[in-house]
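Given next are the chains, with one letter for each unit.
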Amino acid sequence: MTEILVQDVAGGAVATGTRVIDHPAWTELKNAVEEIRVWQSADGSVDFGAEGAPARADADAALARVVAAVEALSPLLPHGAAYHRALVADLRKWADSGYAVPDFLDSLMEFHPAAERVDGRQHLVVFPMYTQNGNPDRNLEAVVLRMVWPEWLSELEATRYDNPLFCGITFEDFTSGYDTNSAVLFPETVAVREVPERFTWGGIFCDREAARFRRVTEAAVDVLGVDLPQDIREMLGDQQRCQQAFVLWDMIHDRTHSHGDLPFDPFMIKQRQPFWMYGLEELRCDLTAFKEAVRLEAEGNPHGRDVQYAVLFDRMFRFPLTGDRVRNYDGLGGQLLFAYLHKHDVVRWTDNTLHIDWDRAPQVTNQLCGEIEQLYRDGIDRPKLVHWFAAYDLVSAYLAPHPGSRWAKGPDALDVSQPPRKLVDDVLPDEFPLSMFFEALAKKLKSVIASTKGITAADVEKAAA
C-alpha cells in the first residue's frame, strides 16, 4: 500500500500509514501527560497551593508540550483533524482557567469514532477522565488505539445486530490510567461542564479482554483438570481468534441493554438498586450473546462456538474471583452461572477435577437466560420492591445468601414503609459470599488474576514465547 505523505507542524514529511506510537511526538505526549497527571486532584484540577504542586510555569510548559505533540501527530490521522483542533483549544482553555476543574465538552463533541468504522484505523485520544475498573480520578489520559471492524462483523451489525454506536478497539499504547483493569473507553467518563443529551460512541478493548481471558482460563483449566475439546484448546492459544470472539460478544452484549422486555431504563441509569439487579442485567446481556452464538454456530459461522466458550469460561472462572467482595455484581453473575450449571449437572466437581458436559452446556445455559428473561417480562407488571424480591428469589435459589442477611429473611425483616431505594441500605456488601469451591479456587488463581492488571496482547504473546 502506498503511504500518503503530508506535512507536519515542523515542516517534515510524515506518513499517514505509519503507527502513531512510532512517531517521536507520541513519546513526548505520553511523558508530558504523565507529568501533569501527578499534579491533578481527584476532580482533575491542579491546586498550586498544595504541597508538592508545580510552579505555574512548569505546568504551562508541560501543557505546551502536550499541545505541540498533538499538533505534530494530527497529520497522521486526518480523519481526526476536527477533534484535534478542538482538543488543542480545550487544553489551552484549561490553562487559561488556571487549571481549574477541566471541561473538555467541546472536543468530546468532535470525537466520533463510530461515524466511520474502518478496520485498523488509528485514533489518538486525549481527555481528562476516569477509567472504569481503573483510576477513579479525572486525570489527563492519552491513548492510541485501533478500530476492530472486520468485514464479517460489519455485515452482522448491518443485517442482524444493529449497534451504530459500538466500537471494537485495541490498545496501541496508553498512559497510567489504563495500566489498570479498565478495558473500556466511554464518553461518560470525560470531565465536561454538562452532560450531553446523547453520546455517539462507546469503545471496548477486545485485545485486553482476550488477553486476560486467555491467561486466567489457561490457569483455571490447569488447576481444575478440565478436559478441553481440541478446537477450544486451539482457541486459547490464538490471541487474534479470541479477540474476534470478544468483539462479537461485546457488540451483542452492548445492544442487549436496550432490547427485550425491560422493566427499567436501559443500563439502569439514574436508579439505585440492590447490586444483584445489576448482576442479573449484565448476565442477561452475556447470556443473550451466548444464545445468539449458539444460533450462529448452527448457521456455520466460525465465531459462534468461540463466543460460547469465551462467555462460559470468563464468566465461571474470572468474574467470580476478580475485584473485591463489595457489591461485586459481575462476580455475582459469574457465581450464578456456575451454580446453575452445577445444579443441572452440566459441571461436576468430583475427584478434584471439573467435568463439563459439553453437549448439554448450550441448552442449559440458554435455559438460565430464559429464566432471567421471564423475570424481566413478569417485572413489567410488578411494583419495584416486589420485582427486587423476585430477583432475589431467583438468585438465592442457586446461591446461598449471607447468614446475616435481612433480605434473605423476607419482607417482614425490612421496613417496607420506606421507599425502595432506602431499603438498598439493608443489602450487605457481600450479600452472596463465595462458595467453598470458589474460595479454594481464589487462592490458586489470585496471583494469576492480579497479573492481568494492565495486560495487553503483547504481554500474553511474550509470555507464550
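Now for a quick tour of the structure. (Residues numbered from 1 in each chain as written. Predicted model: local features only at pLDDT ≥ 70, side-chain atom pairs only at ≥ 80, totals over all residues. Heavy atoms only, no water.)

## Here's the deal with the nonpolar core
Nonpolar side chains in soluble globular proteins tend to end up buried together. Counting 143 residues, the largest nonpolar core has L29, F127, L185, W276, F313, L354 and W407 as the members making the most contacts within it. Top contributing element to this core by residue count: helix α9 (residues 275-298), with ten residues. (Core = buried A, V, L, I, M, F, W, Y, C linked by side-chain atoms within 4.5 Å. Buried < 20%, exposed > 50% of the residue type's maximum accessible area, 1.4 Å probe, protein only. Helix = DSSP H or I, 4+ residues; strand = E, 2+ residues; numbered from the N terminus.)

## Remarks on the sheet that holds strand β7 (residues 202-205)
Overall, mixed pairing links the five strands, which are arranged β3-β4-β5-β7-β6 in an open sheet. Strands at the two margins of the open sheet, each flanked by one partner only, are β3 (122-129) and β6 (184-185). Where β3 lies against strand β4 (residues 139-147), eight bridges are found, and the strand directions are antiparallel. Bridge pairing in β4 places P128 opposite L140. Running at roughly 145° to β4, helix α1 (residues 24-37) makes contact with β3, β4 and β5 (166-174) of the sheet. (Pairing = 2+ DSSP bridges. Contact = heavy atoms within 4.5 Å. Axes fitted to C-alpha atoms, helices over the stretch in contact; angles between N-to-C directions.)

## Things to note about the state of the cysteines
A covalent bond bridging the sulfur atoms of two cysteines is what the word disulfide describes. One pass over the structure, following the stated rule, counts zero disulfides. Free cysteine: C206, not disulfide-bonded; nearest cysteine sulfur from C242 at 11 Å. Free of any disulfide, C369 has its nearest neighbouring cysteine sulfur in C285, separated by 9.3 Å. C369 sits in the buried class, given a relative accessible area of 1%. (Disulfide = S-S within 2.5 Å.)

## A closer look at the packing of aromatic side chains
A full pass over the atoms with the stated rule returns 31 aromatic pairs. With 4.9 Å between their ring centres and 45° between their planes, Y83 and F111 make a pair best called tilted. Linking Y83 in helix α3 (residues 81-96) with F111 in the loop between α4 (105-108) and β3, this pair joins segments that are 28 residues apart in sequence. Seen in terms of ring centroids, W276 and W407 are 5.0 Å apart; in terms of plane orientation they differ by 75°. Their pairing is edge-to-face. Of this pair, W276 sits in helix α9 while W407 is found in the loop between α13 (384-396) and α14 (420-423), placing the two residues 131 residues apart along the sequence. Look at W276 and you get buried, because its relative accessible area is 0%. One aromatic cluster is present, formed by F275, W276, W388, F389, Y392, W407 and F432 through successive ring pairs. If you follow R208 out to its NZ or CZ, it ends over the ring of F174, 5.1 Å from the centre. (Phe/Tyr/Trp six-rings, centres within 6.5 Å; stacked < 30°, edge-to-face > 60°. Lys NZ or Arg CZ within 6 Å of the ring centre and 35° of its normal.)

## Concerning helix α5 (residues 151-159)
Along α5, the positions that sit buried rather than exposed are L153, L156 and E157. Here the buried residues of α5 occupy an arc of 100° about the axis, which is enough to place them on one side. Facing away from the buried side of α5, by more than 90 degrees, are the exposed residues E151, A158 and T159. For α5, the secondary structure elements touched by its buried residues are α8 (239-256) and α9. (Arc of directions from axis to C-beta.)

## Some words on the packing of α9 against helix α10 (residues 304-318)
Between two packed helices, the angle of one axis relative to the other and the distance separating the axes together describe the packing. Interaxial distance between α9 and α10 falls to 7 Å at its minimum, and their mutual angle equals 150°. With respect to their mutual orientation, α9 and α10 come out roughly antiparallel. Every pair of crossing elements has a handedness; the one defined by α9 and α10 is left-handed. Across the interface between the two elements, E282, L283, D286, A289, F290, A293, V294, L296 and E297 from α9 touch G304, R305, V307, Q308, V311, L312 and R315 from α10. Here the contact of α9 with α10 is built from residues that sort into nine nonpolar, two polar and five charged. (Parallel < 35°, antiparallel > 145°, perpendicular 65-115°, else oblique. Left-handed = near helix turned anticlockwise from the far one by under 90°. Nonpolar A, V, L, I, M, F, W, Y, C, P; charged D, E, K, R; others polar.)

## Notes on the side chain of T180
Within the secondary structure layout, T180 lies in the loop between β5 and β6. Of the polar contacts made by the side chain of T180, one reaches the backbone oxygen of G177; its length is 2.9 Å. Excluding anything up to four places from it in sequence, T180 contacts T131, N133, G134, N135, R208, K453 and G454. (Polar contact = N/O pair within 3.5 Å; in protein donor to acceptor, adjacent residues only side chain to side chain.)

## Describing unusual backbone geometry
One non-glycine residue, Y99, lies in positive phi territory at about 65°. Note on placement: Y99 falls in the loop between α3 and α4. Classification of Y99 by relative accessible area gives buried; the value is 2%. Phi at R327 is positive, roughly 50°, even though this residue is not glycine. Structurally, R327 can be placed in the loop between α10 and α11 (329-343).

## A short note on the side chain of T288
Looking at where T288 falls in the secondary structure, it is placed in helix α9. Under the relative-accessibility criterion, T288 is labelled buried at 12%. Setting aside residues up to four positions removed in sequence, T288 forms contacts with I252, T256, C369 and E373.

## Topic: the environment of K93
Relative to the elements of secondary structure, K93 occurs in helix α3. Sequence separation between K93 and D103 is ten residues; the distance between their C-alpha atoms is 8.5 Å. If sequence neighbours within four positions are ignored, K93 has contacts with D103, D106 and R193. A polar atom in the side chain of K93 sits 3.3 Å from the side chain of D90.

Purely geometric numbers; function is a separate question.
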